[in-house]
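Observations on the three-dimensional arrangement
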Amino acid sequence: MVVLVTGANGQLGQALQFIATIYPAIDFKFYTSADLDITKPTDIESSFRSTQPHFCINAAAYTAVDQAEKEQIKAYAVNVTGAKNLAEACNHFKTILIHISTDFVFDGNKKVPYHEEDKTNPQGIYGQSKLDGEKALQTIFARYFILRTSWVYSQFGNNFMKTMLRFASERSALSVVDDQIGTPTHALDLAEAIVKVIQSNSKNFGVYNFSNEGSASWYDFAKKIFELNKISIDLKAIPTSKFPTLAKRPAYSVLDKSKFKSEFGHEISHWQTALKTHQNP
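Attention here is on the structure that accompanies the text.

What counts, and at which threshold
- As a convention, each chain's residues are numbered from 1 in the sequence order in which they are written.
- The predicted origin of the model limits local features to residues at a pLDDT of at least 70 and limits the giving and counting of side-chain atom pairs to 80 or more, whereas totals for whole chains, interfaces and linings rest on all residues.
- In computing side-chain properties, one takes all heavy atoms of the structure into account and sets aside hydrogens as well as water.
- Secondary structure is summarised from DSSP: a helix means a run of H or I of at least four residues, a strand means a run of E of at least two, and numbering begins at the N terminus for each.
- Both definitions apply: the radius of gyration is a C-alpha atom measure, and the globule rule equals 2.2 Å times residues to the power 0.38.
- Burial classification: accessible surface area is computed with a 1.4 Å probe over protein chains only, and a residue below 20% of its type maximum counts as buried, one above 50% as exposed, and the rest as partly exposed.
- Here the open area of atoms and residues is found with the Shrake-Rupley method and a 1.4 Å probe, where only the protein chains shown may cover a residue.
- For this analysis, residues touch if any pair of their heavy atoms sits within 4.5 Å.
- The pairing criterion for strands is at least two bridges between them, as found by DSSP.
- Note on handedness: a crossover is taken as right-handed if, strands pointing away from the viewer, the path from the first strand over the helix to the second is clockwise.
- Fitted lines through C-alpha atoms serve as axes, helices being fitted only where they are in contact, and the angles separating the N-to-C directions of these axes extend from 0 to 180 degrees.
- An angle below 35 degrees is treated as roughly parallel, one above 145 as roughly antiparallel, one from 65 to 115 as roughly perpendicular, and anything else as oblique.
- In this scheme the handedness of a crossing depends on how the near helix is turned from the far one: anticlockwise by less than a right angle means left-handed, clockwise means right-handed.
- Here, nonpolar core means buried Ala, Val, Leu, Ile, Met, Phe, Trp, Tyr and Cys residues that are tied together by side-chain atoms lying within 4.5 Å of each other.
- The term salt bridge refers to a side-chain nitrogen of Lys or Arg lying within 4 Å of a carboxyl oxygen of Asp or Glu.
- Counted as a polar contact is a pair of N or O atoms within 3.5 Å, where, for protein atoms, one must be capable of donating a hydrogen and the other of accepting one, and residues adjacent in sequence contribute only when both atoms are in side chains.

Our focus in this paragraph is the overall build of the protein chain. The helix and strand tally for the protein chain stands at 9 helices and 12 strands. A globule of 281 residues ought to have a C-alpha radius of gyration of about 19 Å, and the protein chain, at 18 Å, matches this closely. Here the protein chain holds 281 residues, and 53% of them are scored as buried. Of the accessible surface of the protein chain, which amounts to about 12,600 Å², a share of 49% is contributed by carbon and sulfur atoms.

This is how it looks when you write it as structure tokens:
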């Protein structure tokens with residue numbers, strides 16, 4: 001079983017590399033953006049021809065939410081054109097595509113968890129580019145799993161957890177918003193879920209939600225990070241209005257995972273359990 005992974009240097013790419021040795025039956029082929037630029041069909045063609053992958057995990061993405069408001073062309077090149085290019089290669093090589101998307105495709109106006117079929121309504125360039133990427137690949141072929149996830153963090157790359165720990169080493173007080181509600185998702189749990197999809201041999205292609213269980217505000221998340229790391233800091237809860245950003249975030253983006261759990265028989269950890277379990281993997 002050959003599995004080609006794009007975006008190998010990102011959080012998910014590194015998480016997949018971390019667990020790869022646990023699955024000797026899967027021959028992972030990892031490509032960084034320097035090795036394989038998904039905006040370049042020739043790069044994709046060359047990589048697919050040499051590996052002949054059964055699956056392609058697209059972990060490459062433009063994820064700088066605020067910067068995307070200023071770099072729309074760049075965001076669309078990776079998140080839309082890149083997704084389309086990969087879909088075309090997957091179609092040609094008869095490869096199943098596992099594409100990672102986001103909770104930012106929703107506007108955050110619901111008060112209960114989002115289902116896959118709920119109406120999408122992105123509030124910024126990042127979310128719109130990810131949604132357009134979903135649509136682009138769906139027009140090309142049907143052998144895909146789109147996994148929408150949320151608030152990804154890990155010991156790899158840049159993310160909220162690492163930012164909080166860095167701030168705690170530099171400051172005695174910190175303010176974090178408490179009126180944006182979602183679910184922190186550990187990249188290692190996301191990586192394990194993707195492997196579960198591969199091992200399932202499922203042909204029920206389509207869109208699936210995956211995140212850890214439970215819900216939290218960014219303030220709740222920060223508080224738990226400091227608690228588990230035994231860090232004493234003056235942590236204050238503030239509304240989003242006190243912390244303006246270029247891009248608007250969904251006020252509520254908890255994802256319903258019923259479809260994923262039913263199809264793949266996968267037990268999902270609560271976000272607090274995942275945070276504690278993966279403190280020192």
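So much for the structure itself; the text now carries on.
A few words now on the environment of L275. By the secondary structure assignment, L275 is in helix α9 (residues 271-277). Assessed through its relative accessible area of 0%, L275 is described here as buried. Beyond its immediate chain neighbours, meaning those up to four positions away, L275 contacts Y153, M161, F221, K224, I225 and L228.

Our next topic: the pairing of strand β2 (residues 27-30). As paired elements, strand β1 (residues 2-6) and β2 share 4 bridges and run parallel to each other. The residue of β2 that forms the bridge with V2 is D27. With helix α1 (residues 11-19) bridging β1 and its parallel neighbour β2, the resulting β-α-β unit is right-handed.

Looking now at the packing of helix α3 (residues 72-93) against helix α4 (residues 125-138). Each pair of packed helices can be described by the angle between their axes along with the distance between the axes. Running from N to C, α3 and α4 cross one another at 20°; their axes reach a closest spacing of 8 Å. Compared by their axis directions, α3 and α4 come out roughly parallel. Crossing handedness for the pair α3 and α4: right-handed. On α4, the residues touching Q72, A75, Y76, N79, V80, A83, K84 and A87 of α3 are I125, Y126, Q128, S129, K130, D132, G133, A136 and L137.

Grouped together as the largest cluster of nonpolar side chains are 33 residues, with contacts concentrated most on F28, I57, I98 and I194. Among the elements of the structure, β1, α1, β3 (55-58), β4 (96-102), β5 (144-149), α6 (187-200) and α8 (258-264) are those that each provide at least two residues to this core. Looking at this core, the element that brings in the most residues is α6, giving 9 residues. Sequence-distant contacts of I57, defined by excluding residues within four places in its chain, comprise V3, L4, V5, T6, L16, F28, I98, I194 and I198. Membership of the second largest hydrophobic core comes to 29 residues, among which are Y31, A68, C90 and Y126.

Take the sheet that holds β5 next. Strand order in the open sheet made by the 6 strands is β2-β1-β3-β4-β5-β10, with parallel pairing throughout. At either margin of the open sheet sits one strand with a lone partner, and together these are β2 and β10 (206-209). Recorded for the sheet is a direction-independent mean angle of 20° between the axes of neighbouring strands. Direction of pairing for β1 relative to β3: parallel, over a ladder of 4 bridges. In the sheet register, V3 faces β3, and the bridge partner there is F55.

With that settled, consider the pattern of salt bridges. Scanning the model with the defined rule gives 11 salt bridges in all. Measuring nitrogen to oxygen at the nearest pair gives 2.6 Å for the salt bridge that ties D66 to R249. You can see D66 sitting in the loop between β3 and α3 and its partner R249 sitting in the loop between β12 (234-238) and α8, a full 183 residues away along the chain. One salt bridge connects K261 with E213, and the closest N-O pair in it is separated by 2.7 Å. One end of the pair, K261, is in helix α8; the other, E213, is in the loop between β10 and β11 (216-217), with 48 residues separating them in the sequence. Look at the salt bridges and you will find they share partners, linking E213, K257 and K261 into a network.

A few words on the side chain of T183. Turning to its location among the elements, T183 is positioned in the loop between β8 (181-182) and β9 (185-186). Residue classification places T183 among the buried residues on the basis of a relative accessible area of 0%. Among the polar contacts listed, one links the side chain of T183 to the backbone oxygen of G214, at a separation of 2.6 Å. In this structure T183 touches S150, W151, S211, N212, E213, G214, S215, V254 and W271, once residues within four positions along its chain are discounted.

Interpretation in functional terms is not warranted from these geometric data alone.
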